[in-house]
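# Topology and contacts: notes
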Amino acid sequence: MANILIFNICLVLMLSRVESCFIPKSLYIIVPDTIPTGYKIATVEVADCDTETMHLTLEDRRFTITSNRAIVAVTPVSVAPGGRTFSVWARDNSGLESEMVVHLVHSAIREKKSTGFLKPSRILCIPPFNILENGVGPFPKDFEKMDRFLSDSDAKHQVYYTISGRGVNQNPVGLFSLNPQSGMLTVNGPIDREEFPWFILTIKVFDRLTNMETNLPLDMHVVVDDVNDNAPTFVNQLQFTVPEQSVAGTVVGKVNATDRDLAGSLHTKIKYFLTTGLDLFAINSETGVITTANNTLDREMSRVESCFIPKSLYIIVPDTIPTGYKIATVEVADCDPKTMHLTLEDRRFTITSNRAIAAVTPVSVAPGGRTFSVWARDNSGMESEMVVHLVHSAIREKKPTGFLKRSKRRWSIPTFHILENDVGPFPKDIDKIVSDSEAKHQVFYNITRPGVNRNPVGLFSLNCESGMLMVNGAIDREEFPSFILTTRVFDKFTHKDTDLPLDIQVVVDDVNDNAPTFIDQLQFTVLEQSVAGTVVGKVNATDRDLAGSLHAKIKYCLTTGLDLFAINPKMGVITTITNTLDREAKDKHLVTVVIRDMDGAVNGLSTTGTATITVGDINDNVPIFTKTSYAVDVKENESEKLLLRIPVNDKDSTNTTNWISKFVILKGHENGHFRIDTDPKTNEGLLYVSKPLDYEQNKNVKLEIKACNQAELSGTEAQWMSIPVDVNVLNEDEGPAFSAPTIRFTVKENTPKGTLIGSYIATDPDTKSSNGITYYKLTDPASWITVNRNNGELRVANTIDRESPFVQNGFYNITMKAVDASSKTGTGKVIIVVEDVNDNMPVIPPTEIVLCEKEGELGSVLVVAEDKDQKPFSDPFSFSLPHGHEGKWSLTKVNGTAAMLRHIQELPTGIYHVPIDVTDLQGFGKTQTAKVRICQCRNGACLAKDHSVSLGPLALLAMLLPLLFLLLLGLLLAFFCVTKREKLEFEDVGDSGGILLKSNTESPGEEVDSSLITIPTTGIDQAVKGSVKGVNAGWSGNKSFSTIGGQSTHGNGMHGASGVVTSDTQEYYSGQYDNQFGTQSGQFGMGSAINFDRYLAQDATFLHNWRTNGRYINQKLAYFGTEDGRYADDLIHSYGFEGAGSAAGSVGCCSDFGDNDNLDFLNALGPKFKTLGAVCRKT
């Protein structure tokens, strides 16, 4: 498949811009027979016109157009019955003209009564009416008064008008309407010409009394004039195919487009051009036919060359180019500047970062010149070559001309200048290019480079015969400011160059075709009352025309808001010119800003914008009270009650610190009975009574309240306002009140019961009497106090203890209530200060004190005493040892509450009860006992402690249940053995492994070797952890083992994995080996006789024969002599005496077995082996 090349196609109107100034195409006007001087014919309606640059002209000199676009007769004009016609032309800065034909229609109007009616016989002369498409209103908009065109029947009748047709009562309904009384036709909305190009409206006239028609119906034609409101669209898909290497001019395809605007008008005249792919394709601007521009299409190439530099460059240089001499600057196009890389093939030159070619060493240039190449490459991967020709010339040092001096009058072309947006006609001659080689050859010329065969393709052309350079269309300087065209001359017959290529520079001269534009939004903020000259903001604008020229020199001016603001015409900085800005009067100002190029000249282009200047708020308004004073009532004894809402008005910006009010009580608040807050929603002051008022003390309170803001005042001389508030206290029938809300009494602890503490009396606030008042306790946590109901006396009821948890910091609180005859109550608080007495002696806590034993030194421990009393009845304590402490301990005081106890002679580990005399500062105390444990420690804790363990009922039950279960299994095994004993046969297997001995004696037989006792291989490595003596005895010693199968053997027996009992044991061995043996051998004690027989026959799985075990033990015997052998841990070691015997056995894994052949251990093998023995005897 062919590769796909994608390029952009633009559809534009034939003209470089749409027709921007529009007037109706025709206008029909009813005029009298003779139009007098100054008679106003009509007003020209325009649309999309620049009113500042628009110019209206008339072809009929007898009429003129005023500044407000009115057509007026300048001399008397006679109108023939056939009428008169002339044209009006409208033109603005777009350079395009729009024509309107004015039709003056003659009517025989009676001078005495100018009714404006036509006779019915002449009704057909009514011209069509034109309205503009997409009118902007406002709607409804008066269109025409119909009584001008109807008969004069209203001279005889009272008439009304009706209208019907499409646009009235037919789709689109309601677009037109007619006033039935005045006959005024109105249009009610914009009309889309592409949907409704014209309308026929039928108008009828009726008599109001008879409702009969007084005239013939009139059909009126309304034509909707087109505006350019539809962009051209493509008709088909833009997909074409062309073979690779097609010759230039091969048709690729045709672009079809359409436009919905009025056919045949400029609005629908489409022009085609390409914006990409211009080096490969061209498009016919009129027909839209795409053709190839050359024959270089290559399907295998994924993309075209993207980075372009000139193909050749001719430079005049001196005979010798010095070091650092700048030759030229490489001009590039369509290159990625970040990835572009320029390289030189001549090492004597280099290219700087700004693309300048400079000499790095002195270079001599021969008369014939010097040539080298420059390569440009960017991330596209394609390279572009430029050949640099250094031409030697004897140029005078004082006046370098910069032109090539030709020995043969070689062609030398100066820079050509063409005007931007030239209006043609095209093609238009620029200048003629002539080569001196024409004198010797018949030549033709060729031209290449951008503008010819590269984007923009076809803009320039060259007459190959005459050498005339032509431009084929208008050029936008802002898109293409200059061109470099390469011209070559060839012999017509040999097609060889007859002269060197010539680069021609074409500069596009700027015209002022771009109005300045605003860069950012015109929104500014300035504080009110800002001083004159305060900067409001800066207007930033730009112009696409030539930088530095008048076309791009912008001048700023304001057309509105000049009484408040000014703008710097050069910089565009808006400032205030007065300090009278008031946000409360107007918070936003819309100022019209005009930017005009040509430094503000009248012929400059301009753009108008509206700047929004927001006036910021300052706190220049104080809160104003809505009333001059307030009065409010409050009941005595009320608290935390809202008394009054005080509203204020503030003109500053809502919900800001300039608006939020803050209220302050200036007077009347000395006793703290009131507080005032601000309601965050309404900004009102909220006056509360925060502490109860007493009518008997103050019947009226006069307050003064000030209102201010959170922010300080600024820009005003006003002061914060205040108002008086009269608070009237209302009397209430109150309950009794104690003489003081809180009373304090001092009592020593342990005061005897019944002791009088004091009296707490209440009185009636109104009568000031205590008669008839009774007293009660409300709270008394420890029940230490009794209250006399009649007189309020307080007495001790129970022992008061200062060290009680009910006393906090020496205070004990009770609450009392007083009740008068009317059952009204009052409460008071009694604080009892409990004084300390020396009723507690210092004590040593009974907890055990650990003294860690350290080798080579005597230990010590800190003894701390405690006393619940306070000073001076507590610390500092005195510590001493009583007489007769046997000289084992010494005591040294550390501080007021602690002493250091140390033993002064070696003491064995254990618990010691050391008596210590401890007394407080007053000498009150006794002998205390400190319980001290001396032990070996790790991390401050004893390693082991003597302890005893007792078993509970559940533990005993858990131990008995397995025994009962084993007994049941033994009975079951006996049952099976009895019922099937005739089938049991034991054969003497030669390699029995020593399980059953063929002997009737209870002593070892000759065939039994004690060194071949079966030891389980799974337990040997763990079991040989003890000390051994008497190696020839096998595995003998004086340890006690737990038997396999869950039973315990104490004395002189050990069970191996095979069930053979050897050695006499006296101590326990580690339970670790117990469990290991038990898990393997327990099966033999619980299985049936048949299973036992099966296991007996197995030699390799669970049992090892005598000889194998013998060989294993013999291997170990060689290491048992010393402590540095392989089994050194199995030897007997001497251990230091620990001070007391241990209830536990040795921790060694092996025992000291003796050479005892006593077989009494067989009697203690347990019930399983006894059952087995009974079975064997029966056999």
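All figures in this text were calculated on a predicted structure; none of them were measured in a lab.

## Remarks on the overall build of the protein
Broken down by element type, the protein carries six helices and 75 strands. Within the span of the protein, comprising 1179 residues, buried residues form 39% of the whole. Expressed as a percentage of contacts within the protein between residues at least 6 apart in sequence, the contacts between residues at least 24 apart total 66%.

## Examining the sheet that holds strand E63 (residues 785–787)
As summarised here, the arrangement of the three strands in space is E60-E64-E63, forming an open sheet in which the pairing is antiparallel. Looking at strand neighbours, the two that pair on one side only are strand E60 (756–759) and E63, the edges of this open sheet. Between one strand and the next, the sheet's axes are offset by a mean angle of 25°, whatever the strand orientation. Sheet topology note: the E63/strand E64 (residues 793–796) ladder contains three bridges and is antiparallel. From the neighbouring strand, Val-787 faces E64, where its bridge partner is Leu-794.

## Structural notes on the state of the cysteines
On inspection of all chains with the given rule, the structure shows two disulfides. Here Cys-852 connects covalently by a disulfide to Cys-937, the sulfurs 2.1 Å from one another. Here the disulfide of Cys-852 and Cys-937 is left-handed, its torsion about the S-S bond being about -95°. With a gap of 85 residues between them, Cys-852 in strand E67 (residues 849–852) and Cys-937 in strand E74 (residues 937–938) connect regions that are remote in the sequence. The class for Cys-852 is partly exposed, based on a relative accessible area of 23%. Each disulfide pairs two cysteine sulfurs, and for Cys-935 the partner residue is Cys-942, the sulfurs being separated by 1.8 Å.

## Here we look at the sheet that holds strand E6 (residues 63–65)
If you trace the three strands from one edge of the open sheet to the other, you get E4-E7-E6, paired in antiparallel fashion. At either end of the open sheet lies a strand with only one pairing partner, and these are strand E4 (40–43) and E6. When the angles between neighbouring strand axes are averaged without regard to direction, this sheet yields 20°. Pairing of E4 with strand E7 (residues 70–73) involves three bridges; the strand directions are antiparallel. Note that in E7 the partner of Thr-43 across the bridge is Ala-70.

## Regarding the packing of aromatic side chains
In total, this model carries 14 aromatic pairs according to the counting rule given. Between Phe-460 and Phe-483, the ring centres sit 4.9 Å apart and the planes meet at 75°, which makes this aromatic pair edge-to-face. Remark: Phe-483 occurs in strand E38 (residues 482–491) and Phe-460 occurs in strand E36 (residues 460–462); sequence separation between them is 23 residues. By the burial criterion, Phe-460 is buried, and Phe-483 matches it. On the numbers, 4.6 Å between centres and 35° between planes, the contact of Trp-784 with Tyr-812 is tilted. One end of the pair, Trp-784, is in the loop between strand E62 (774–779) and E63; the other, Tyr-812, is in strand E65 (residues 811–819), and 28 residues separate them in sequence. One exposure class covers both Trp-784 and Tyr-812, and it is buried. Chaining the aromatic ring pairs together yields one cluster made of Phe-176, Phe-196 and Phe-199. We note Arg-166 situated over the ring of Trp-198; from NZ or CZ to the ring centre the distance is 5.4 Å. Above the plane of the ring of Tyr-695 lies Lys-699, whose end atom (NZ or CZ) is 4.9 Å from the centre.

## Overview of the environment of Gln-719
Among the structural elements, Gln-719 can be located in the loop between strand E56 (700–709) and strand E57 (721–730). Judged by relative accessible area, which is 61%, Gln-719 ranks as exposed. Each C-alpha atom of the pair Gln-719 and Val-622 lies 7.2 Å from the other, and the pair is 97 residues apart in sequence. The contacts of Gln-719, once residues within four sequence positions are left out, are Val-622 and Leu-713.

## With respect to a nonpolar patch on the surface
Nonpolar side chains collect at one region of the surface, where Leu-954, Leu-957, Leu-961 and Leu-964 lie side by side and expose about 440 Å² of accessible area between them. If you trace the backbone, Leu-957 turns up in helix H1 (residues 953–979). The exposure class assigned to Leu-957 is partly exposed, which follows from its relative accessible area of 45%.

## Considering the pattern of salt bridges
One pass over the full model with this rule turns up 26 salt bridges. Glu-793 serves as the salt-bridge partner of Arg-795, at 3.5 Å between the closest nitrogen and oxygen. For Arg-795, a relative accessible area of 32% translates into the label partly exposed.

## Observations regarding the pairing of strand E39 (residues 502–509)
Along any regular strand, the residues point their side chains to alternate faces of the sheet. Side chains of E39 alternate between two faces, with Leu-502, Ile-504, Val-506 and Val-508 buried and Asp-503, Gln-505, Val-507 and Asp-509 left unburied. Sheet topology places strand E33 (residues 416–419) next to E39; four bridges connect them, and they run parallel. Within the sheet, the bridge partner assigned to Phe-416 lies in E39 and is Val-506.

## Quick notes on the confidence of the model for the protein
Per-residue pLDDT for the protein averages 77, and the proportion of residues at 70 or more is 74%. Low confidence marks residues 1–8, where pLDDT is under 50. Its contacts with residues over four positions away, or in another chain, come to 19 contacts.

## Re unusual backbone geometry
Of the consecutive residues Phe-139 and Pro-140, the connecting peptide bond is found in the cis state with omega at -5°. Its location among the elements puts Pro-140 in the loop between strand E11 (129–132) and strand E12 (141–145). With an omega dihedral of 5°, the bond running from Asn-171 to Pro-172 counts as a cis peptide bond. With respect to the helices and strands, Pro-172 occurs in the loop between strand E13 (159–165) and strand E14 (176–178). Its identity is not glycine, yet Asn-134 carries a phi of approximately 55°, on the positive side. Looking at the secondary structure, you find Asn-134 in the loop between E11 and E12. One non-glycine residue, Asn-637, adopts positive backbone phi at about 75°. Turning to its location among the elements, Asn-637 is positioned in the loop between strand E50 (630–635) and strand E51 (641–646).

## Some words on the side chain of Asn-658
Mapped onto the elements, Asn-658 comes out in the loop between strand E52 (648–649) and strand E53 (661–667). For Asn-658, a relative accessible area of 11% gives the class buried. Polar contacts involving the side chain of Asn-658 include one to the side chain of Asp-617, which spans 3.1 Å. For Asn-658, the contacting residues outside a window of four places in its chain are Asp-617, Ile-618, Asn-619, Asp-650, Asp-652, Asn-709 and Ala-711.

Cut-offs used in this document
Residues numbered from 1 in each chain as written. Predicted model: local features only at pLDDT ≥ 70, side-chain atom pairs only at ≥ 80, totals over all residues. Heavy atoms only, no water. Helix = DSSP H or I, 4+ residues; strand = E, 2+ residues; numbered from the N terminus. Buried < 20%, exposed > 50% of the residue type's maximum accessible area, 1.4 Å probe, protein only. Contact = heavy atoms within 4.5 Å. Pairing = 2+ DSSP bridges. Axes fitted to C-alpha atoms, helices over the stretch in contact; angles between N-to-C directions. Disulfide = S-S within 2.5 Å. Phe/Tyr/Trp six-rings, centres within 6.5 Å; stacked < 30°, edge-to-face > 60°. Lys NZ or Arg CZ within 6 Å of the ring centre and 35° of its normal. Patch = residues over 30% accessible without salt bridge, like charges linked within 9 Å, V, L, I, M, F, W, Y side chains within 5 Å. Areas by Shrake-Rupley, 256 points an atom, 1.4 Å probe, with all protein chains shown as cover. Salt bridge = Lys/Arg side-chain N within 4 Å of Asp/Glu carboxyl O. pLDDT = per-residue confidence, 0-100. Polar contact = N/O pair within 3.5 Å; in protein donor to acceptor, adjacent residues only side chain to side chain.

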